[in-house]
Amino acid sequence: MENKGFRCGFVSIIGRSNVGKSTLMNRIVGMKIAITSPRVQTTRKRIRTVFTNEDGQVIFVDTPGVHRAKTKLGQYMDRAALESLEGVDVCLWVVEPKVKLTEDDREIADLLSKTAKKTIIVINKCDTVKKEELLPVTDAFSKLAPFEAIIPVSAINGDGVDILTREIIKNLPEGPALYDEDTVTDETVRSLSAEIIREKALKNLKEEVPHGIAVEIVSMKEEESITRIEADIICEKASHKPIIIGKGGGMLKRIGSQARYDIEKMLETHVALKLFVKVRDSWRDNENLMKSYGYDSGDL
Ligand SMILES: Nc1nc2c(ncn2[C@@H]2O[C@H](COP(=O)(O)OP(=O)(O)OP(=O)(O)O)[C@@H](O)[C@H]2O)c(=O)[nH]1
Ligand SMILES: [Mg+2]
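What counts and how
Residues numbered from 1 in each chain as written. Chains lettered and ligands numbered in written order. Predicted model: local features only at pLDDT ≥ 70, side-chain atom pairs only at ≥ 80, totals over all residues. Helix = DSSP H or I, 4+ residues; strand = E, 2+ residues; numbered from the N terminus. Rg over C-alpha atoms; globule rule 2.2 N^0.38 Å. Buried ≥ 20, exposed ≤ 12 C-beta atoms within 10 Å, placed from the backbone. Contact = placed C-beta atoms within 7 Å. Pairing = 2+ DSSP bridges. Axes fitted to C-alpha atoms, helices over the stretch in contact; angles between N-to-C directions. Near = placed C-beta within 6 Å. Nonpolar A, V, L, I, M, F, W, Y, C, P; charged D, E, K, R; others polar. pLDDT = per-residue confidence, 0-100. Parallel < 35°, antiparallel > 145°, perpendicular 65-115°, else oblique. Left-handed = near helix turned anticlockwise from the far one by under 90°. Core = buried A, V, L, I, M, F, W, Y, C linked by C-beta atoms within 7 Å. Domains from an automatic or database assignment. Expected span 1.5 Å × (residues − 1).

1. Overview of the overall build of the protein
- For the protein, the helix and strand inventory stands at nine helices and nine strands.
- Rg of the C-alpha trace for the protein: 20 Å, near the compact-globule value of 19 Å for 300 residues, within the 12% margin.
- In terms of its C-alpha atoms, the protein occupies a principal-axis envelope of roughly 55 × 45 × 40 Å.
- For the protein, the residues scored as buried account for 40% of the 300 residues in total.
- A separation of at least 24 residues holds for 70% of the contacts in the protein among residues at least 6 apart in sequence.

2. Things to note about the sheet that holds strand 7 (residues 214-222)
- Strand order in the open sheet formed by three strands is 7-8-9, with mixed pairing between adjacent strands. The strands lining the two open edges of the sheet, one partner per strand, are strand 7 and strand 9 (270-279). Along the sheet, successive strands turn relative to each other by an average axial angle of 20 degrees, direction set aside.
- Here strand 8 (residues 226-235) runs beside strand 9; their pairing, made up of ten bridges, is parallel. Pairing of Asp232 across the sheet is with Phe276, part of strand 9.
- Strand contacts of helix 6 (residues 189-204): strand 7 and strand 8, with the helix running at about 130 degrees to strand 7, the strand carrying the most contacts.
- Lying on the sheet, helix 8 (residues 250-267) is in contact with strand 8 and strand 9; it crosses strand 9 at an angle near 140 degrees.

3. So, the site of ligand 1
- Close contacts around ligand 1 come from 23 residues, with Gly20, Ser22, Thr36, Thr43 and Gly65 the closest.
- Within the shell around ligand 1, the residues separate by chemical class into six nonpolar, 14 polar and three charged.

4. Remarks on the confidence of the model for the protein
- Per-residue confidence for the protein averages 91 on the pLDDT scale, and 99% of its residues sit at or above 70.
- Taken element by element, the predicted model of the protein shows its lowest mean pLDDT in helix 3 (residues 103-115) (82) and its highest in helix 5 (residues 161-170) (98).

5. Notes on the packing of helix 6 against helix 8
- Interaxial distance between helix 6 and helix 8 falls to 9 Å at its minimum, and their mutual angle equals 140 degrees. Between helix 6 and helix 8, the angle is such that the two are oblique. Relative to helix 8, the crossing made by helix 6 is right-handed. Contact with helix 6, carried on its side by Val189, Leu192, Ser193, Ile196, Ile197, Lys200, Ala201 and Asn204, involves Met251, Arg254, Ile255, Gln258, Ala259, Asp262, Ile263, Met266 and Leu267 of helix 8 and no other residues of that element.
- Residue classes in the contact of helix 6 with helix 8 are distributed as eleven nonpolar, three polar and three charged.

6. Focus: the sheet that holds strand 4 (residues 90-95)
- The six strands lie next to each other as 2-3-1-4-5-6, forming an open sheet whose pairing is mixed. Only two strands of the sheet have a single neighbouring strand rather than two, namely strand 2 (47-52) and strand 6 (149-152). Neighbouring strand axes in the sheet, compared pairwise and without regard to direction, differ in orientation by 25 degrees on average.
- In this sheet, strand 6 lies alongside strand 5 (residues 118-123) in parallel orientation, the contact comprising four bridges. Among the inter-strand pairings, Ile123 is bridged to a residue of strand 6, identified as Pro152.
- Those strands touched by helix 1 (residues 21-29) are strand 1 (7-14), strand 2, strand 3 (56-62), strand 4 and strand 5, and its axis lies near 30 degrees from that of strand 2.

7. Side note on the nonpolar core
- In terms of nonpolar packing, the biggest core is built from 75 residues, with Val11, Ile13, Leu92, Trp93, Val122, Ile197 and Ile233 touching the most fellow members.
- If you count residues domain by domain, this core takes at least three from each of domain 1 (7-170) and domain 2 (189-299).
- Every residue in contact with Val11, bar those within four places of it in the chain, is listed here: Val58, Ile59, Phe60, Val61, Val88, Asp89, Val90, Leu92 and Ile168.

8. Overview of helix 3
- When the terminal C-alpha atoms of helix 3 are compared, their 19 Å separation across 13 residues agrees well with the 18 Å that a helix rising 1.5 Å per residue should span.
- Close packing links the buried residues of helix 3 with strand 1, strand 4 and strand 5.
- Looking one or two residues beyond helix 3, the residue adopting positive phi is Ala116, at roughly 55 degrees.

9. Remarks on the domain arrangement of the protein
- In terms of domain boundaries, the protein breaks down into domain 1 (7-170) and domain 2 (189-299).
- Of the residues lining the interface, eleven residues belong to domain 1; the matching set on domain 2 comes to 15 residues.
- When the residues that make up the side of domain 1 that touches domain 2 are grouped by side-chain class, the tally is three nonpolar, four polar and four charged.

What follows is the structure, encoded as structure tokens:
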């Protein structure tokens, strides 16, 4: 497979929260690995995925949206985003097609010019604007940071994504593939399952509650025709517990059946999923608890 001139390297995807970083990464690798949602701060830790074609291999590092951190978890998320820039070959800075730049945009631009990484600016969500509205956006961002290319895409419908992929590979160093061509991620099935459950909780719960949620897989047993999973949904206030359980257990059931559906698709087997709700006061400010839910600063 590896012809002469094959390129391989690491690409960090950074940008404000909710601009579509995870959606874009999933679109390029052609599989839903990172969870996505209309809420801000969906991604909490770095997730690696791998894209391979005959010209090259791209190892993507999806990161949490850069934002002003209020909790220890928030600080962890910012570090995960910023430190992802170390050791990568190319940085994708994902933005929305809006001319008005935010403080966060400027902060990111600042950071990028300091790190002197090759940067590709990706204007995502182009399906939401008319073509003629793009030019002023391109203009505004091009003044902010040095870049290799500015590419408009829509992660939702795939427009521009092939052009982007080619541009990324063009900017990688020559070298052999690091993963075999079938690898899409090095995340474990356990951690992907926990994320799927968290995604369904984000989707179904209203405001306030979702940001304080973590999911811990307590056990996962593979039997011949079924995988049995027990998981805890951790919330940070006693008052959140009845909301997550819902009337007559309805909310928890809904989260559980949506998660089970997606986990079954991923594992290609039947799944029995049991969910429990636990309260851990202010876990987002407790490093030990954070660690046990998979947010370990030592991993950064
Ligand atoms: N219309 C439109 N919506 C999009 C596009 N890409 C992503 N979205 C939506 O934008 C929202 C946020 O997407 P995510 O991929 O979770 O965003 P993110 O940048 O990873 O967010 P964080 O993980 O919180 O930093 C979701 O509701 C997506 O469906 C796009 O190209 N067009
Ligand atoms: Mg994300």
